[in-house]
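Each chain is listed here by its residues.
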Amino acid sequence: MSDDQNPAQAATQNEDTQAASLQVLTQYVRDMSFENPNAPMSLGASDTPPKIAVNANVGVRQLDAQDYEVALDFRVETKRNEEISFIAELSYCGLFRVNNVPDESLRPVLLIEAPRQLFPFARRVLSDMTRDGGFPPLLLDPIDFVALYQNGLNEDQNNNNPSAELTSNQDN
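Definitions and limits used
Residues numbered from 1 in each chain as written. Predicted model: local features only at pLDDT ≥ 70, side-chain atom pairs only at ≥ 80, totals over all residues. Heavy atoms only, no water. Pairing = 2+ DSSP bridges. Helix = DSSP H or I, 4+ residues; strand = E, 2+ residues; numbered from the N terminus. Buried < 20%, exposed > 50% of the residue type's maximum accessible area, 1.4 Å probe, protein only. Polar contact = N/O pair within 3.5 Å; in protein donor to acceptor, adjacent residues only side chain to side chain. Contact = heavy atoms within 4.5 Å. 1 Å grid on protein atoms, 1.4 Å probe; cavity = no way out; pocket = protein on both sides within 12 Å on 5 of 7 lines; lining within 4 Å. Points joined across faces, edges and corners; volume = space filled by probe spheres on them. Nonpolar A, V, L, I, M, F, W, Y, C, P; charged D, E, K, R; others polar. Phe/Tyr/Trp six-rings, centres within 6.5 Å; stacked < 30°, edge-to-face > 60°.

Peer 1: What should I look at first to understand the pairing of strand S2 (residues 51–62) in this one?
Peer 2: In this sheet, strand S3 (residues 67–80) lies alongside S2 in antiparallel orientation, the contact comprising twelve bridges. Paired with Ile52 across the strands is Thr78, a residue of S3. Counting the residues in the hairpin turn of S2 and S3 gives four residues.

As structure tokens, this is what we get:
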């Protein structure tokens, strides 16, 4: 600190030069559901491969000045011969503290980096849920959250609607 700088100015300068950070405070299952409407017939062997539709959404909710809840919402529907084998739904959330992130970078951090950190845990919960439901574990392919974010921006520009929710659909 120079002789002509007061302590308040020095503190402000230190805050400005601190590195940006994204801290995971906690993660949790907000809601999960597994439906096996055609059991036990749906559990038997079949020559027909299942058709799996995966819908993934990312949502953000601000809790206070630095804390945000980021939610990964999944809906998986599996059909065999046009009959539903199972439906799995999961809302997996993380509470994140964001420090020193410029306003123009906040949305990408919350909609790309935060879900990227949550995804492996949500994937494991879905895998365990399908296995516990009597089916082989469902191993979701990795999600490209950058592409998902860019698609959301394009949709927002086309609809003139700045949204904090992004959607991904995967069909197998």
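Peer 1: Before we go on, may I ask you to explain the side chain of Asp67 in this structure?
Peer 2: Position of Asp67 relative to the elements: it lies in strand S3. On the basis of relative accessibility, which here comes to 7%, the residue Asp67 falls in the buried class. Within polar-contact distance, the side chain of Asp67 engages the side chain of Arg97 at 2.7 Å. Once you skip the residues sitting within four places of it in the chain, Asp67 turns out to touch Leu25, Gln62, Leu95, Phe96 and Arg97.

Peer 1: In this structure, what is going on with the layout of surface pockets? I would like to understand it.
Peer 2: Where empty space is left becomes clear once a probe the size of a water molecule has been rolled over the atoms. Within this model, the largest pocket holds a volume of roughly 200 Å³. Residue lining of the largest pocket: 14 residues in total, with Pro50, Arg80, Phe86, Phe135 and Pro136 positioned closest to the centre. Taken together, the elements giving at least two residues each to the lining of the largest pocket come down to S3 and strand S4 (83–99). Looking at the lining of the largest pocket residue by residue, the class counts come to eight nonpolar, five polar and one charged. Considering only enclosed or pocket space, the second largest pocket measures out at about 160 Å³ in volume. Take the lining of the second largest pocket: its biggest share by element is three residues, from S4. The class makeup of the residues in the lining of the second largest pocket is three nonpolar, six polar and two charged.

Peer 1: Teacher, can you tell me more about the packing of aromatic side chains here?
Peer 2: The description of an aromatic ring pair uses the distance of the two centres, along with the angle that the planes make with each other. Under the criterion given, the structure shown has five aromatic pairs. Taken together, a centroid distance of 6.3 Å and an interplanar angle of 55° make the contact between Phe34 and Phe135 tilted. Taken together, the residues span a long stretch of sequence, with Phe34 in strand S1 (residues 21–35) and Phe135 in the loop between helix H2 (103–132) and helix H3 (145–159) at a distance of 101 residues. Take Phe135: its relative accessible area is 11%, and that puts it in the buried class. For the ring pair Phe74 and Phe119, a centre distance of 6.3 Å and an interplane angle of 50° mean the geometry is tilted. Taken together, the residues Phe74 in strand S3 and Phe119 in helix H2 connect sequence positions 45 residues apart. Residue classification places Phe119 among the buried residues on the basis of a relative accessible area of 7%. Counting every residue linked through ring pairs, the aromatic cluster contains Phe34, Phe86 and Phe135.

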